[in-house]
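Structural overview for review
Next come the chains, spelled out residue by residue.
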Amino acid sequence: MSAGTDRLRDEFEGCFGRLAEIGRDPAGGWTRLAWTEEDRLARAWFEAEATARGLTVERDPAGNLWAWWPGPDPGADGEDREPVVAVGSHLDTVRGGGAYDGALGVVGGLLAVGELIGRGAEPRRPVAVVAFADEEGGRFGVPTFGSRVLAGVLDPAELLQRVDEDGTSVAEALAAAGLDPDAFGPDPARVGRLGAFVELHVEQGRGLADLGQPVALGTGIWPHGRWRLTLTGEADHAGTTRLADRRDPMLGLAAAVLAARAAATELGAVATVGRVVVEPNSANSVPGRVSAWLDARAEEEQRLDWLVAAFQGAVEDAAGRNGLAVELACESRSPGVTLDRDLAARLDACLRARGLEPAALPTAAGHDAGALAAAVPTAMLFVRNPTGTSHSPAETAAPDDCIAGIEALAAVLEELACR
Ligand SMILES: [Zn+2]
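Below, the structure is looked at part by part.

Criteria and thresholds
- Note that residues are indexed from 1 along each chain, following the sequence as it is written.
- Only residues with pLDDT of 70 or above have their local features reported here, since the model is predicted, and side-chain atom pairs are shown and tallied only from 80 upward, although totals for entire chains, interfaces and linings are computed over all residues.
- Computation of side-chain values covers all heavy atoms of the structure but excludes hydrogens and water.
- Defined by distance alone, a disulfide is two cysteine sulfur atoms within 2.5 Å.
- Strand pairing is assigned whenever DSSP detects at least two bridges linking the two strands.
- Per the convention used, a helix needs a DSSP run of H or I reaching at least four residues, while a strand needs a run of E reaching at least two, with both numbered from the N terminus.
- Comment: axis = line fitted to C-alpha atoms, over the contacting stretch for helices; angle = value between 0 and 180 degrees taken between N-to-C directions.
- Residue contacts are counted whenever heavy atoms from the two residues lie within 4.5 Å of one another.
- Multiply 1.5 Å by the residue count of a helix minus one, and that product is the helix's expected span.
- Relative accessibility decides the category of a residue: with a 1.4 Å probe and only protein chains considered, values under 20% of the type maximum give buried, values over 50% give exposed, and everything between is partly exposed.
- Metal donors: N, O and S atoms at distances within 2.8 Å, or within 3.2 Å for Na, K and Ca, with water omitted from the atom set so that some sites may seem incomplete.
- Any angle from 65 to 115 degrees is called roughly perpendicular, while one under 35 is roughly parallel, one over 145 is roughly antiparallel, and all others are oblique.
- Take the far helix as the reference: if the near one is turned anticlockwise from it by less than a right angle, the crossing is left-handed, and if turned clockwise, right-handed.
- Within 3.5 Å is the distance limit for a polar contact, defined as a pair of N or O atoms, with the added protein rule that one can donate a hydrogen and the other accept it, and that residues adjacent in sequence qualify only through two side-chain atoms.

What about the state of the cysteines?
According to the stated counting rule, one finds zero disulfides in the structure shown. Looking at Cys402, it has no disulfide partner, and the nearest cysteine sulfur is the one in Cys15, 12 Å off.

Looking at the sheet that holds strand 9 (residues 270–279)
In space, the four strands of this open sheet follow the order 9-11-7-12, with antiparallel pairing throughout. Of all the strands in the sheet, the pair left with one neighbour each is strand 9 and strand 12 (325–334). The sheet shows a mean angle of 15° between the axes of neighbouring strands, direction not considered. In the sheet, strand 9 pairs with strand 11 (residues 289–297) via nine bridges, with the strands oriented antiparallel. Bridge assignment links Val277 to a residue of strand 11, and that residue is Ser291. Lying over the sheet, helix 9 (residues 249–267) contacts strand 7 (224–232), strand 9 and strand 11, oriented at roughly 170° with respect to strand 9. The strands touched by helix 10 (residues 301–322) within the sheet are strand 7, strand 9, strand 11 and strand 12, with strand 12 carrying the most contacts at an inclination of about 165°.

What to know about helix 10
Its 22 residues place the ends of helix 10 32 Å apart at the C-alpha level, agreeing with the 32 Å of an ideal helix rising 1.5 Å per residue. As for helix 10, its buried residues are in contact with strand 7, helix 9, strand 9, strand 11 and strand 12.

Re the pairing of strand 15 (residues 378–383)
Successive residues of a regular strand alternate their side chains across the two faces of the sheet. Of all six residues making up strand 15, six are buried, and the element is well covered by its neighbours. What you see with strand 15 is no split at all: Thr378, Met380 and Phe382 on one side and Ala379, Leu381 and Val383 on the other are buried throughout. Where strand 6 (residues 215–221) and strand 15 come together, three bridges link them in antiparallel fashion. Bridging from a neighbouring strand, Leu217 pairs with Leu381 of strand 15.

Let's talk about the coordination of the zinc ion
Here the zinc ion is held by His90 (NE2), Asp101 (OD) and His201 (NE2), and the distances to it run 1.9 to 2.2 Å. All donors of the zinc ion come from a single chain, and their spacing in sequence reads H-x10-D-x99-H. Of this pair, His90 sits in strand 3 (residues 84–90) while His201 sits in strand 5 (residues 194–202), placing them 111 residues apart in sequence.

Regarding the pairing of strand 6
With respect to burial, strand 6 is a largely interior element, six of its seven residues being buried. Note that strand 6 and strand 13 (residues 337–338) share two bridges and pair antiparallel. For Gly220, the partnering residue across the bridge sits in strand 13 and is Thr338.

Observations concerning the packing of helix 11 (residues 341–353) against helix 13 (residues 399–417)
Where helix 11 contacts helix 13, the two axes come as close as 10 Å, and the packing angle between them is 115°. When the interaxial angle is binned, helix 11 and helix 13 end up roughly perpendicular. The hand of the helix 11/helix 13 crossing is right-handed. Of helix 13, the residues touching helix 11 (which contributes Leu343, Arg346, Leu347, Cys350 and Leu351) are Ala408, Ala411, Val412, Glu415 and Leu416.

A few points about the side chain of Arg190
Checked against the element boundaries, Arg190 lands in helix 7 (residues 188–193). Side-chain polar atoms of Arg190 contact the side chain of Asp187, separated by 2.9 Å. Those residues in contact with Arg190 that sit more than four places away from it in its chain are Glu58, Arg59, Asp60, Trp66, Trp68 and Leu150.

Structural data, given as structure tokens:
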């Protein structure tokens, strides 16, 4: 192994290790929800790591952090005229998530820029490492929050009123984190300056493990969405209420979970009921209300529509049989994304010229790259995940594969920004 790779490995262990201390549950798993104390610490980590590499950090009006490696030649008005090359990912996690999702792309961006600076590379275009805010939507239920607000896809006024499960609104959370909710919103000029965005990410499936390769270029992102199901019956005594008299929403939920699985199997899609709120959530009560969240993803929009329609039909049947009121509301939906083919072809050629043969893989996971893809030529690099497990403490990637991913990111950054 070369001295350069050894140095990169040491840097990776230090930089990644410092981030992995934040929001770590000693019992396993990482929780860094948006605009919490853990999120504040992760942002402070980003600022310190970027500053240590000579980058300048600023925050955009959607709450995302940008670390700049400026281009060499500002115009007469002091502004760089060349399109910006951006890399990055996110620092937040789901509840009890893994160490790599998001973190690898931010650490990788900082280290890739650090590599180029260390080699004496001269950027011909400004480079930014971006840490997007609230990618997972783990607190307010809106995934790719920061990137979609930035791109003007989400309505800030509606978002500011959303509340977390403690009743804290987005506006209050932003204010508590030192942001001005009145200034919160899109930044079309900033997005317009982007010439390319490349996101390095741990793979969230076993595609690369099955292929026996460390790194892939992304081809696209499946359409996906999140629906909130509310089943309302009548709370009552678990001992004295006759079965025939019950209106038990848990029976509707059971049917819903099985229907989601059956529809996904039928359609070659995936569907998950991973979050449930039961009221009153008492062991000796028939529940009065059950809320559940359906996460569904499919290769094409129409299959996703079919899946949700099948789910809704089964839930309405079960509700009719059990005397329940049913409400199914779409909380978010992201269209399928085809990542930029020209950019992918250029990156593929660049990596092959360096002896790497990247695989080409789609993903069923949403990403900030997908949120930006409509406005900016966007690419993704995936790093092998040996078990495919993600959004879990068991999510992992071998150090050698992380280094291979970061070296690939440095190569494509050099290609896009320094040539
Ligand atoms: Zn992620």
